[in-house]
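Fold and contact review
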Amino acid sequence: MESKRIKEALKTALMLSKVANSTHSVEIFEIGEVFIKGDQVSYINAEGKMRSLTTENVEARMDEILGEFDDRHITQQLQAMVFA
């Protein structure tokens, strides 16, 4: 389920880049802030690094975001156990 939502979010970012005619910054659920400049798309990952997004690397970026999601989920569960 998460992978489908993340993939759709990534494809939405790419779709927006096809119609953008200037620089934009948009918030897309599941990805966060996405930067669009012409046909270039990038976002900031959980480590704070700028990651570019292309049609060729959608699957790789999806896997990265899913891994980050899993890491955050595990951390949140551990914190909940410690403070419970």
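Let me sum up the structure you'll find in this document. On a predicted model such as this, the values are computed, not experimentally measured, just so you know. (Residues numbered from 1 in each chain as written. Predicted model: local features only at pLDDT ≥ 70, side-chain atom pairs only at ≥ 80, totals over all residues. Heavy atoms only, no water.)

1. Notes on the pattern of salt bridges
With the rule as written, the count across this model stands at six salt bridges. Close ionic contact of Glu 59 with Lys 7 constitutes a salt bridge, the shortest N to O distance being 2.6 Å. Here Glu 59, found in helix α2 (residues 58-83), pairs with Lys 7, found in helix α1 (residues 2-19); they are 52 residues apart in sequence, far enough to count as distant. Since its relative accessible area comes to 41%, Glu 59 is described here as partly exposed. The salt bridge partner of Lys 49 is Glu 47, with a shortest N-O separation of 4.0 Å. Residue Lys 49 is classed as partly exposed on the basis of its relative accessible area of 49%. It is possible to trace a salt-bridge network through shared partners that takes in Glu 2, Arg 5 and Glu 30. (Salt bridge = Lys/Arg side-chain N within 4 Å of Asp/Glu carboxyl O. Helix = DSSP H or I, 4+ residues; strand = E, 2+ residues; numbered from the N terminus. Buried < 20%, exposed > 50% of the residue type's maximum accessible area, 1.4 Å probe, protein only.)

2. Examining the pairing of strand β3 (residues 40-44)
Relative to β3, strand β2 (residues 32-37) runs antiparallel, the two being bridged by four bridges. Within β3, the position partnered with Lys 37 by the bridge is Gln 40. Between the end of β2 and the start of β3, which pair antiparallel, lie two residues, with Gly 38 showing a positive phi angle near 65°. Sheet topology places β3 next to strand β4 (residues 50-53); four bridges connect them, and they run antiparallel. By the bridge assignment for β4, Val 41 is matched with Leu 53. As consecutive antiparallel partners, β3 and β4 are separated by five residues, and within that stretch Gly 48 has a phi angle of approximately 85°, a positive value. (Pairing = 2+ DSSP bridges.)

3. Some remarks on the nonpolar core
Leu 10, Ile 31, Val 34, Val 41 and Leu 53 are the most contacted members of the largest nonpolar core, which totals 17 residues. Of all the elements in the fold, those that place two or more residues in this core are α1, β2, β3 and α2. The element contributing the most residues to this core is α1, with five residues. Filtering out sequence-adjacent residues up to four positions away, Val 34 remains in contact with Ala 13, His 24, Ser 25, Val 26, Ile 28, Val 41, Ser 42 and Tyr 43. (Core = buried A, V, L, I, M, F, W, Y, C linked by side-chain atoms within 4.5 Å. Contact = heavy atoms within 4.5 Å.)

4. Topic: α1
The terminal C-alpha atoms of α1 lie 26 Å apart, and with 18 residues this matches the ideal 26 Å at 1.5 Å per residue to within 8%. The set of residues buried in α1 consists of Ile 6, Ala 9, Leu 10, Ala 13, Leu 14 and Ser 17. Mapping the buried residues of α1 onto a view down its axis gives an arc of 135°, with all of them on the same face. In α1, the exposed residues that point more than 90 degrees away from the buried face are Lys 4, Lys 18 and Val 19. (Expected span 1.5 Å × (residues − 1). Arc of directions from axis to C-beta.)

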